[in-house]
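# Breakdown of the fold
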Amino acid sequence: MSLYAQFHDIDSVIRVFNTLEEPHTIARNLNMKSHLDLGLFESALLLYKTLRHLGVAHDSFTFPIVNQAVSSLQSDVIYGEMVHCVSKKMGFGFDVYFCNTMIEVYVKCGCVVYARKLFDEISQRDLVSWTSMISGYVCEGSACCAGESLIHGMQLHGYAINSGLESDGSLQNSVLKMYTRMGSVEEVEIFFS
């Protein structure tokens, strides 16, 4: 299945999947991810619905795949909240990989407040957590962040510095975009000094 998935041969992925007597979680995740990679977002979510209906165990990759589908559909935040709720009930609510994808879902739905709440709950944030959150403050939809969001963005930047993450290129780009879009010239000048 993996080989067919790499070549985006969805028909062969499905054919192999259908030959499996009891498809395990990895095969089901790969099937969903293959659909997702080809832009078949609704189909990926239907496969997840089947997985849930059959009571198949989840692993640490299942919910991030579902989040990617939800995010790609640019759905209402309610779908993201539903995924978040189910993941918590299944014990994945504080898995950093899942939480990072959940932050991205909330940001893409325009709910930076929800993203920040989740970010604050993560005990072991990584570089992706920081970058996703700072990027979320850069711009919500088509309207640029301002006011209170600048303060939150500056706080996140400070946390990133204190955590020793300031030398990462993608984080630096996100911080620079945040300050630039918020019109904070002083911080941009300091950033480059």
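Residues numbered from 1 in each chain as written. Predicted model: local features only at pLDDT ≥ 70, side-chain atom pairs only at ≥ 80, totals over all residues. Heavy atoms only, no water.

## Describing helix 6 (residues 77-89)
Between its first and last C-alpha atoms helix 6 spans 19 Å; for 13 residues at 1.5 Å apiece the expected length is 18 Å, and the two agree. Considered for burial, the residues of helix 6 that qualify are Val77, Gly80, Val83, His84 and Ser87. In a view along the axis of helix 6, the buried residues occupy a sector of 120°, so they form one face of it. Residues of helix 6 that are buried make contact with helix 5 (62-72), helix 7 (96-108) and helix 8 (112-121). Within two residues after helix 6, Gly91 carries a phi angle of roughly 90°, on the positive side. (Helix = DSSP H or I, 4+ residues; strand = E, 2+ residues; numbered from the N terminus. Expected span 1.5 Å × (residues − 1). Buried < 20%, exposed > 50% of the residue type's maximum accessible area, 1.4 Å probe, protein only. Arc of directions from axis to C-beta. Contact = heavy atoms within 4.5 Å.)

## Quick notes on the pattern of salt bridges
Applying the stated criterion across every chain yields a total of three salt bridges. Arg116 is the salt-bridge partner of Asp120, the closest N and O atoms lying 2.9 Å from each other. Taken together, the positions of Asp120 and Arg116, both in helix 8 and four residues apart, correspond to about one turn of that helix. Owing to a relative accessible area of 11%, Arg116 belongs among the buried residues under this scheme. Glu121 is the salt-bridge partner of Lys117, the closest N and O atoms lying 2.8 Å from each other. Placement of the pair is Lys117 and Glu121 together in helix 8, with a separation of four residues, close to one helical turn. (Salt bridge = Lys/Arg side-chain N within 4 Å of Asp/Glu carboxyl O.)

## Quick word on the nonpolar core
Inside soluble globular proteins, nonpolar side chains tend to come together where they are buried. Formed by 39 residues in total, the largest nonpolar core has its most connected members in Ile103, Trp130, Met133, Leu156 and Leu171. At seven residues, the largest contribution of residues to this core is made by helix 7. Apart from residues no more than four positions distant in its own chain, Leu171 is found in contact with Leu127, Trp130, Thr131, Ile134, Ala160 and Leu165. Counting residues in hydrophobic clusters, the runner-up holds five residues, among them Ala5, Val13, Phe17 and Ala27. (Core = buried A, V, L, I, M, F, W, Y, C linked by side-chain atoms within 4.5 Å.)

## A short note on the packing of helix 7 against helix 8
When two helices pack together, their arrangement is given by the angle between the helix axes and the distance between those axes. Where helix 7 contacts helix 8, the two axes come as close as 7 Å, and the packing angle between them is 160°. Here helix 7 lies roughly antiparallel to helix 8, going by the angle between them. Between helix 7 and helix 8 the crossing geometry is left-handed. Contacts between helix 7 and helix 8 involve Cys99, Met102, Ile103, Tyr106 and Val107 from the first element and Val112, Tyr114, Ala115, Leu118 and Phe119 from the second. (Axes fitted to C-alpha atoms, helices over the stretch in contact; angles between N-to-C directions. Parallel < 35°, antiparallel > 145°, perpendicular 65-115°, else oblique. Left-handed = near helix turned anticlockwise from the far one by under 90°.)

## Re the packing of aromatic side chains
For the structure shown, the criterion picks out six aromatic pairs. Centre to centre, the rings of Phe63 and Phe98 are 5.8 Å apart; their planes meet at 70°, and the pair counts as edge-to-face. With a gap of 35 residues between them, Phe63 in helix 5 and Phe98 in helix 7 connect regions that are remote in the sequence. Relative accessible area serves as the criterion here: at 1%, Phe63 is assigned to the buried category. On the accessibility criterion, Phe98 (1% relative accessible area) is buried. Taken together through their ring pairs, the aromatic side chains of Tyr48, Phe63, Phe92 and Phe98 make up a single cluster. The cationic tip of Arg125 hangs over the ring face of Phe119; the distance from NZ or CZ to the ring centre is 4.4 Å. (Phe/Tyr/Trp six-rings, centres within 6.5 Å; stacked < 30°, edge-to-face > 60°. Lys NZ or Arg CZ within 6 Å of the ring centre and 35° of its normal.)

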